[in-house]
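Read off the chains here:
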Amino acid sequence: MAATTYALSEEQILLKDSVAKFVKKEIIPVAAELDEASRFPEDLLKKAHSLGFLNITVPDTLGGSGLSYLDASVVIEELAFGCAGVTTSIVVNDLALIPILVGGTEEQKQQYVAPICAEGAFASFCLSEPGAGSDAAGIRTRLEKVEGGYTLKGTKQWITNGGKAKQYTVFATLDPEKKHKGICCVVVPASAKGVSQGPHENKLGQRCSNTT
């Protein structure tokens, strides 16, 4: 019986090395300044996108890198060595797009996932609220059925890339009394009528990661 090995494959080692080079050249030299200035590193994230370090677990058929979760862990660990704030703003795209990949139709994936990947645009995952934190069962943002569709009312807080995102993956409740069973998820364009963004939070750490 062959012994089990947990060593990285040759491909994963090459991937690790390529990310490490990017981190050494592009992230480490500016990490301290980005943090001190609380400045969103948009140009840096565009470079990450061009190298396939954005949307890393999204299937390549939709424009992502199509990495496995182990491969993604290798990438994220190397990125975070350079700057946790930069890394947070990179990986939140995956977080925001996963619910669409899990529950969306093929048409919805083409409409809401593929363009984000192609453009190198940003998406945000909107769960936390001022009165609920990350307690999903306690959220109060309401989704109500009206003639011709739905209306969404509520406030989200501590949203990564919230002031930079092109679209939001928003968790809301159809019935607060049902707790987690009443929750659903909708995609909201940042340009939609009624959407507004608050100022960037003055955080203790990861200051270059936009949080609104």
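Predicted model only: the values in this text are computed from it and were never measured.

A. View of the overall build of the protein chain. For the protein chain, the count of helices and strands is six helices and five strands. The order of α-helices and β-strands along the protein chain, N terminus first, is α-α-α-α-α-α-β-β-β-β-β. For 212 residues, the compact-globule formula gives about 17 Å, and the C-alpha radius of gyration of the protein chain, at 18 Å, lands near that figure. Taking the principal axes of the C-alpha coordinates as reference, the protein chain spans close to 55 × 50 × 30 Å. For the protein chain, the residues scored as buried account for 41% of the 212 residues in total.

B. Representation of the environment of Gly 120. Along the polypeptide, Gly 120 turns up in the loop between helix H6 (114-119) and strand E1 (123-126). If we skip the residues at most four places from it in the chain, Gly 120 touches Lys 46, His 49 and Leu 54.

C. Up close: the pattern of salt bridges. Applying the stated criterion to the full structure yields five salt bridges. Across the pair Glu 78 and Lys 16 runs a salt bridge whose closest N-O atoms are separated by 3.2 Å. On the criterion of sequence distance, the pair formed by Glu 78 in helix H3 (residues 69-82) and Lys 16 in helix H1 (residues 10-37) is long-range, its members being 62 residues apart. In this structure Lys 16 comes out as partly exposed when scored by relative accessible area, which is 29%.

D. View of the nonpolar core. Counting 22 residues, the largest nonpolar core has Val 19, Phe 22, Ile 27, Leu 79, Val 86 and Ile 90 as the members making the most contacts within it. Of all elements in the fold, only H1, helix H2 (42-50), H3 and helix H4 (84-103) reach the threshold of two or more residues within this core. Looking at which element gives the most residues to this core, the answer is H1, with seven residues. Those residues within four positions of Val 19 in sequence are excluded, and the remaining contacts are Phe 53, Val 75, Glu 78 and Leu 79. By size, the runner-up hydrophobic cluster in this structure holds 11 residues, among which are Leu 62, Leu 97, Ile 116 and Ala 123.

E. Structural context of H3. The first and last C-alpha atoms of H3 sit 20 Å apart over 14 residues, in line with the 20 Å expected at 1.5 Å per residue. Within the span of H3, buried status applies to Asp 71, Ala 72, Val 74, Val 75, Glu 78, Leu 79 and Gly 82. Looking straight down H3, one finds that the buried residues subtend no more than 155° of arc, so they occupy a single side. Facing away from the buried surface of H3 by more than 90 degrees, the exposed residues are Tyr 69, Glu 77 and Phe 81. Buried positions along H3 lie against H1 and H4.

F. Quick peek at the packing of aromatic side chains. All chains considered together, the criterion is met by three aromatic pairs. Note on Phe 40 and Phe 122: the rings are 5.4 Å apart at their centroids and 85° apart in plane angle, and the pair reads as edge-to-face. Pair noted here: Phe 40 is in the loop between H1 and H2 and Phe 122 is in the loop between H6 and E1, with a separation of 82 residues, a long-range link. Neither Phe 40 nor Phe 122 differs from the other in exposure class; each is buried.

G. Here's a closer look at the packing of H3 against H4. Look at H3 against H4: their axes get within 8 Å of each other, and the N-to-C directions meet at 155°. Here H3 lies roughly antiparallel to H4, going by the angle between them. Side by side, H3 and H4 meet where Tyr 69, Ile 76, Leu 79 and Ala 80 of the first sit next to Ala 84, Thr 87, Ile 90, Val 91 and Ile 98 of the second. Looking at the contact of H3 with H4 residue by residue, the classes come out as eight nonpolar, one polar and no charged.

H. Geometry of the packing of H1 against H3. In the contact formed by H1 and H3, the axes pass within 8 Å of each other and the chain directions differ by 25°. Comparing the axis directions of H1 and H3 gives the class roughly parallel. Crossing of H1 over H3 shows right-handed handedness. Along its contact with H1, which presents Gln 12, Leu 15, Lys 16, Val 19, Ala 20, Phe 22, Val 23, Ile 27, Ile 28 and Ala 31, the element H3 presents Leu 70, Asp 71, Val 74, Val 75, Glu 78, Leu 79, Phe 81 and Gly 82. Looking at the contact of H1 with H3 residue by residue, the class counts come to 13 nonpolar, two polar and three charged.

Quick notes on the rules
- Residues numbered from 1 in each chain as written.
- Predicted model: local features only at pLDDT ≥ 70, side-chain atom pairs only at ≥ 80, totals over all residues.
- Heavy atoms only, no water.
- Helix = DSSP H or I, 4+ residues; strand = E, 2+ residues; numbered from the N terminus.
- Rg over C-alpha atoms; globule rule 2.2 N^0.38 Å.
- Buried < 20%, exposed > 50% of the residue type's maximum accessible area, 1.4 Å probe, protein only.
- Contact = heavy atoms within 4.5 Å.
- Salt bridge = Lys/Arg side-chain N within 4 Å of Asp/Glu carboxyl O.
- Core = buried A, V, L, I, M, F, W, Y, C linked by side-chain atoms within 4.5 Å.
- Expected span 1.5 Å × (residues − 1).
- Arc of directions from axis to C-beta.
- Phe/Tyr/Trp six-rings, centres within 6.5 Å; stacked < 30°, edge-to-face > 60°.
- Axes fitted to C-alpha atoms, helices over the stretch in contact; angles between N-to-C directions.
- Parallel < 35°, antiparallel > 145°, perpendicular 65-115°, else oblique.
- Nonpolar A, V, L, I, M, F, W, Y, C, P; charged D, E, K, R; others polar.
- Left-handed = near helix turned anticlockwise from the far one by under 90°.

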